[in-house]
Amino acid sequence: MYVVLLGPPGAGKGSQAPILAERLGGVHISTGDMLRAALKNGTPFGLKAKAYMERGDLVPDDIVLGMLIERLEQADASESAVLDGFPRNLFQAEQLDRALEEAGKGVSCAVNVRVPTDILVERLAGRWTCSRCGSIYHEQFRPPKQAGVCDNCGGELRQRADDRREAVERRLEVYQQETAPLIEFYRSSQRLVDVDGDQAPERVTWELLAAMERCQPV
Ligand code: AMP
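Report follows, based on the coordinates. Quick caveat, the model's predicted, so the values are computed rather than measured.

1. Considering the pattern of salt bridges
In step 1: Counted according to the given criterion, the structure contains 17 salt bridges.
In step 2: Arg-171 is the salt-bridge partner of Asp-163, the closest N and O atoms lying 2.8 Å from each other.
In step 3: The exposure class assigned to Asp-163 is buried, which follows from its relative accessible area of 1%.
In step 4: Across the pair Arg-203 and Glu-207 runs a salt bridge, and its minimum N-O distance is 3.4 Å. Separated by four residues within a single helix, Arg-203 and Glu-207 lie in helix H9 (residues 201-213), roughly one turn from each other.
In step 5: Classification of Arg-203 as partly exposed rests on a relative accessible area of 38%.
In step 6: Through salt bridges with shared partners, a single ionic network connects Arg-127, Arg-160, Asp-162, Asp-163 and Arg-171.

Given below as structure tokens:
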């Protein structure tokens, strides 16, 4: 089963997606993580994506789509996946449907994690990410045991370049213009499920798992 996690930056998708993927028995695919890895490794895709990401703009569709479709063709994603950060606009959503349909598959549901904008800004500005394993912390809401060090792997915690205030504002604007219309896209095909993301993380997980139970396998 393929599940899309929709929701603005800071809604908690990156923290929740691995838990959902594990429960689903599938993989967590984050295009943001893939792009950051490409950037870190200095690949041509990464170098092309860098300026867009730092500004908080979307990376051009051809780069992201190529990367995503290739990832979906790998064996571990052949039956189930939780997509986090993809699709980000209508074109990507249509191309995803097309690619999966060609393989006799489809997106079972899109879960829309709703969080008020003022809370998103607060969450993103205090967010720290492990440079080694990608675990996410917050200086106020989820501090690590030792400042600057990941509880999971001991890696160094860093603030993402695009979690700076100007980039955060741009990312939220881009979300409203480009990504929010996907809510209607999935609603009109009866694939949308809404979840309140402004609750304790454990409660959000519980509601997401309950929402996934209602998704119809394609
Ligand atoms: P995220 O980690 O999902 O917040 O993504 C970080 C950044 O990577 C975004 O602000 C975009 O610049 C880029 N990005 C991630 N996913 C996509 C996508 N599906 N389409 C275009 N750009 C993306």
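2. A short note on the environment of Leu-5
In step 1: Residue placement: Leu-5 occurs in strand E1 (residues 2-6).
In step 2: Judged by relative accessible area, Leu-5 falls into the buried class, the value being 3%.
In step 3: Residues Leu-5 and Val-82, spaced 77 residues apart in sequence, show a C-alpha to C-alpha distance of 7.0 Å.
In step 4: Non-local contacts of Leu-5, meaning those with residues more than four positions away in its chain, are made with Lys-13, Ala-17, Leu-20, Val-82, Leu-83, Asp-84, Gly-85, Val-111, Val-113 and Leu-208.

3. A closer look at the pairing of strand E5 (residues 127-130)
Two faces, one strand: in a regular strand the side chains alternate between the faces of the sheet.
In step 1: Two elements, E5 and strand E6 (residues 136-138), share three bridges in a ladder whose sense is antiparallel. Each bridged residue has a counterpart across the sheet, and for Trp-128 the counterpart in E6 is Tyr-137.
In step 2: Note that E5 and strand E7 (residues 157-158) share two bridges and pair antiparallel. Each bridged residue has a counterpart across the sheet, and for Cys-130 the counterpart in E7 is Leu-157.

4. Structural notes on unusual backbone geometry
In step 1: With an omega of -5 degrees, the peptide bond running from Phe-86 to Pro-87 counts as cis.
In step 2: Notably, Gln-190 is not glycine yet its phi reads approximately 55 degrees, a positive angle.
In step 3: Mapped onto the elements of the fold, Gln-190 is located in the loop between helix H8 (181-188) and strand E8 (192-196).

5. Details of the site of the ligand
In step 1: Near the ligand you find 16 residues, and of these Thr-31, Arg-36, Asp-57, Gly-85 and Gln-92 are the closest.
In step 2: Gly-85 is positioned with one of its backbone polar atoms (N or O) 3.0 Å from a nitrogen atom of the ligand.
In step 3: Protein chains shield 96% of the accessible area of the ligand, which is 480 Å² for the free molecule.
In step 4: With four residues, the top contributor of residues to the shell around the ligand is helix H2 (residues 31-40).

6. Section: the sheet that holds E7
In step 1: Within the open sheet, the three strands sit side by side as E6-E5-E7. Their pairing is antiparallel. This sheet does not close on itself; its edge strands, each paired only once, are E6 and E7.

7. Points about the nonpolar core
In step 1: With 31 residues, the main nonpolar core has Leu-83, Leu-96 and Tyr-186 as its most contacted residues.
In step 2: For this core, the secondary structure elements donating two or more residues are E1, strand E2 (27-30), helix H3 (44-55), helix H4 (61-72), strand E3 (81-84), helix H5 (90-102), strand E4 (107-114) and H8.
In step 3: Ranked by the residues each element gives to this core, the list is headed by H4, at six residues.
In step 4: When residues no more than four places from it in sequence are discounted, the contact partners of Tyr-186 are Val-4, Leu-6, Pro-87, Ala-93, Leu-96, Val-107, Ala-110, Arg-191 and Leu-192.

8. A closer look at a negative patch on the surface
In step 1: Taken together, the side chains of Asp-118, Glu-122, Asp-196 and Asp-198 make up a negatively charged region of the molecular surface.
In step 2: Tracing the backbone through its elements, the reader meets Asp-196 in strand E8.

9. A short note on H4
In step 1: In this model, H4 (12 residues) spans 16 Å end to end at C-alpha, consistent with the 16 Å of a helix rising 1.5 Å per residue.
In step 2: Against the buried residues of H4 lie E1, E2, H2, H3, E3 and H5.

10. Some points on the packing of H4 against H5
In step 1: It is at 11 Å that the axes of H4 and H5 come closest, and there the two elements cross at 30 degrees. Comparing their axes, H5 and H4 come out roughly parallel. As for the relative orientation of H4 and H5, their crossing is right-handed in sense. Contacts between H4 and H5 involve Asp-61, Val-64, Leu-65, Leu-68, Ile-69 and Leu-72 on the former and, on the latter, Phe-91, Gln-92, Gln-95, Leu-96, Ala-99 and Leu-100.
In step 2: For the contact of H4 with H5, a count of residues per class yields nine nonpolar, two polar and one charged.

Conventions adopted
- Residues numbered from 1 in each chain as written.
- Predicted model: local features only at pLDDT ≥ 70, side-chain atom pairs only at ≥ 80, totals over all residues.
- Heavy atoms only, no water.
- Salt bridge = Lys/Arg side-chain N within 4 Å of Asp/Glu carboxyl O.
- Buried < 20%, exposed > 50% of the residue type's maximum accessible area, 1.4 Å probe, protein only.
- Helix = DSSP H or I, 4+ residues; strand = E, 2+ residues; numbered from the N terminus.
- Contact = heavy atoms within 4.5 Å.
- Pairing = 2+ DSSP bridges.
- Near = heavy atom within 4 Å.
- Polar contact = N/O pair within 3.5 Å; in protein donor to acceptor, adjacent residues only side chain to side chain.
- Areas by Shrake-Rupley, 256 points an atom, 1.4 Å probe, with all protein chains shown as cover.
- Core = buried A, V, L, I, M, F, W, Y, C linked by side-chain atoms within 4.5 Å.
- Patch = residues over 30% accessible without salt bridge, like charges linked within 9 Å, V, L, I, M, F, W, Y side chains within 5 Å.
- Lys, Arg positive; Asp, Glu negative; His and termini not counted.
- Charge placed at Lys NZ, Arg CZ, Asp CG, Glu CD.
- Expected span 1.5 Å × (residues − 1).
- Axes fitted to C-alpha atoms, helices over the stretch in contact; angles between N-to-C directions.
- Parallel < 35°, antiparallel > 145°, perpendicular 65-115°, else oblique.
- Left-handed = near helix turned anticlockwise from the far one by under 90°.
- Nonpolar A, V, L, I, M, F, W, Y, C, P; charged D, E, K, R; others polar.

Just geometry here; none of it tells us what the structure is for.
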